[in-house]
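Residue-level structural notes
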Amino acid sequence: MGATHLPSTEFDGTEMDDQREAAAEARLGDPAEPMVQLLAPDGTLGTDPVYSEYAKRLDPEKLRGFYADMAKIRRFDVEATALQRQGQLALWVPLTGQEAAQIGSGRASQPQDYIFPTYREHGVALTRNVDLAELLRQFRGVSNGGWNPKDTNFHLYTLVLAAQTPHAVGYAMGIQRDQKLAAAAAAEAGGQPAEPKAAVVVYFGDGASSEGDVHESMVFASSYNAPVVFFCQNNHWAISVPSSVQTRIPLANRAKGYGFPGIRVDGNDVIAVHAVTEWALERAREGHGPVLIEAFTYRVGAHTTADDPTKYRESAEETLWRAKDPLERLEKYLRAEGLADDAFFEQVRADGDELAAYVRRTTHDLETPDIRTAFANTYVEAHPLVAEELAWFEEYSAGFADQAEPAEAETGASR
């Protein structure tokens, strides 16, 4: 069948179809809309017709806090990488280069919002008051998580690509229904709901955007108008696969196909990221549905400590992106505006070193749990199959002891 003989849709070319398309264009905007940027690489602050209003809410203390957070998480990243190289961690997932995307978006959330991370959102964890030393428990292999998500509304890391996206949408739909019930109960009682409105933020990368889970999640989120913000950190590399292979258009443009807004923001501009995320979360909390944010950033280092990026990308590319460093960009602005001095930056460095020392000390003190706890934690109640497997393990382990005893006896006799 040729292209000219493809079947048309029921409303194709009709007035109803034209009206729907015009309404969508008005609501979603031009898919070729340029990337949102407020703070340029040279440290100058620009303007935006929508997001500058959100940037104006940031006082000098918050801006200094953004810098301190980004510097602290970068120092933590360096220390965690060193711990892995020294055999203290089985693996580490660096974030250097993506600090603005994470700190900006994390600080835009409110305590009642719930966050679903992947495995690289160390900066977001910092903004949610997760003890950073607890992040290393999973990478040391002594815990399946490391922290209680109920304490911070920051979910456990998800190692399977995009698996967290349907979880996030389901959670958002639960929030949506809980809020409707609370509103109905409050109206009946003649008052207002006691709990503040909440939304969900789910993080994923450009590589994970190719997973079916993301597509299915966006379909459900759009269909049910779920209060969820999809936050894609496009760091240009899905391990060794460039983002140009993942998509032929800006990832943010995909949102239009699902019927909700998509925004591409400079992921190395912490002010713009914060403004865009704050706007999207406010929109979601007020019942206007999902938003897709594509933070256009770069993974300066390796995908993980098991990866060697020199095998698949040129150093010139890395050099180009280092010139867009999010910390240097904000430092230039703070100094130019007289909002921070040498004493401030020196204190930030000292605080980072203190954090690194704490993380190192805590990691060295971690004890490896008895493997038998894995059997005990499989089911809530005793299970005959698990008991059988534990018995086999005990017998298997005892065999090594039997082999060691004759060897020790022979060593003693030779003396």
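When helices and strands are tallied, the protein chain shows 17 helices and seven strands. Expressed as a percentage of the 415 residues in the protein chain, the buried residues total 46%. The long-range fraction of contacts in the protein chain, counting pairs at least 24 apart against all pairs at least 6 apart in sequence, stands at 74%. A total accessible area of about 21,500 Å² is found for the protein chain, and carbon and sulfur atoms account for 53% of it.

Tyr 67, Phe 76 and Leu 330 are the most contacted members of the largest nonpolar core, which totals 65 residues. Grouped together as the second largest cluster of nonpolar side chains are 25 residues, Ala 168, Ala 172, Ala 198 and Phe 204 included.

It is the contact of helix H6 (residues 132–140) with helix H15 (residues 342–365), at a shortest axis distance of 9 Å, that shows an interaxial angle of 40 degrees. Between H6 and H15, the angle is such that the two are oblique. Seen from above, H6 lies across H15 with right-handed handedness. Within the contact between the two elements, H6 uses Leu 132, Ala 133, Leu 136 and Arg 140 and H15 uses Leu 355, Tyr 358, Val 359, Thr 362 and Thr 363. Among the residues making up the contact of H6 with H15, the classes are represented as six nonpolar, two polar and one charged.

With parallel pairing, the five strands of this open sheet are ordered in space as S1-S2-S3-S7-S6. Of all strands in the sheet, those with a lone pairing partner are strand S1 (114–116) and strand S6 (262–266), marking the two edges. Across the sheet, the mean angle from the axis of one strand to that of its neighbour is 20 degrees, orientation sign disregarded. With five bridges connecting them, S6 and strand S7 (residues 291–296) associate as parallel partners. Residue pairing across strands places Val 265 opposite Ala 295, the latter belonging to S7. The strands touched by helix H4 (residues 99–108) are strand S2 (200–205), strand S3 (228–234) and S7; relative to S3, the strand with the most contacts, the crossing angle is about 165 degrees.

A cluster of nonpolar side chains, contributed by Val 219, Phe 220 and Tyr 224, occupies part of the molecular surface with about 280 Å² of accessible area. As for its position among the elements, Val 219 is in helix H9 (residues 212–223). On the basis of relative accessible area, Val 219 is assigned to the partly exposed category, the value being 35%.

Residues at a pLDDT of 70 or more form 89% of the protein chain, whose mean pLDDT is 91. Low pLDDT, under 50, characterises residues 1–14; the predicted model gives this stretch seven contacts beyond four residues in sequence or across chains. Under a pLDDT of 50 for its full length, residues 27–31 has, in the predicted model, nine contacts with residues more than four places off or in other chains.

So, on to the packing of aromatic side chains. Each aromatic ring pair is characterised by the separation of its centres together with the angle its planes make. Using the criterion set out here, one finds 23 aromatic pairs in the structure. Note on Tyr 51 and Trp 279: the rings are 6.1 Å apart at their centroids and 90 degrees apart in plane angle, and the pair reads as edge-to-face. Remark: Trp 279 occurs in helix H12 (residues 270–285) and Tyr 51 occurs in the loop between helix H1 (15–28) and helix H2 (52–55); sequence separation between them is 228 residues. Relative accessible area serves as the criterion here: at 7%, Tyr 51 is assigned to the buried category. Judged by centre distance (5.2 Å) and plane angle (5 degrees), the ring pair of Tyr 298 and Trp 321 falls under stacked. Of this pair, Tyr 298 sits in the loop between S7 and helix H13 (315–322) while Trp 321 sits in helix H13; the two residues are 23 residues apart in sequence, bridging distant segments of the chain. Here a set of aromatic residues connected by ring pairs shows up, and it is made of Phe 76, Trp 92, Phe 139, Trp 147, Phe 154 and Tyr 157. Taking the ring centre of Trp 321 as reference, the NZ or CZ of Lys 324 above it sits at 4.3 Å.

Relative to the assigned elements, Arg 372 resides in helix H16 (residues 372–376). Taking the C-alpha atoms as reference points, Arg 372 and Glu 394, separated by 22 residues in sequence, lie 9.3 Å from one another. Setting aside anything within four residues of it in sequence, one finds Arg 372 in contact with Leu 390, Phe 393 and Glu 394.

Parameters and conventions
Residues numbered from 1 in each chain as written. Predicted model: local features only at pLDDT ≥ 70, side-chain atom pairs only at ≥ 80, totals over all residues. Heavy atoms only, no water. Helix = DSSP H or I, 4+ residues; strand = E, 2+ residues; numbered from the N terminus. Buried < 20%, exposed > 50% of the residue type's maximum accessible area, 1.4 Å probe, protein only. Contact = heavy atoms within 4.5 Å. Areas by Shrake-Rupley, 256 points an atom, 1.4 Å probe, with all protein chains shown as cover. Core = buried A, V, L, I, M, F, W, Y, C linked by side-chain atoms within 4.5 Å. Axes fitted to C-alpha atoms, helices over the stretch in contact; angles between N-to-C directions. Parallel < 35°, antiparallel > 145°, perpendicular 65-115°, else oblique. Left-handed = near helix turned anticlockwise from the far one by under 90°. Nonpolar A, V, L, I, M, F, W, Y, C, P; charged D, E, K, R; others polar. Pairing = 2+ DSSP bridges. Patch = residues over 30% accessible without salt bridge, like charges linked within 9 Å, V, L, I, M, F, W, Y side chains within 5 Å. Salt bridge = Lys/Arg side-chain N within 4 Å of Asp/Glu carboxyl O. pLDDT = per-residue confidence, 0-100. Phe/Tyr/Trp six-rings, centres within 6.5 Å; stacked < 30°, edge-to-face > 60°. Lys NZ or Arg CZ within 6 Å of the ring centre and 35° of its normal.

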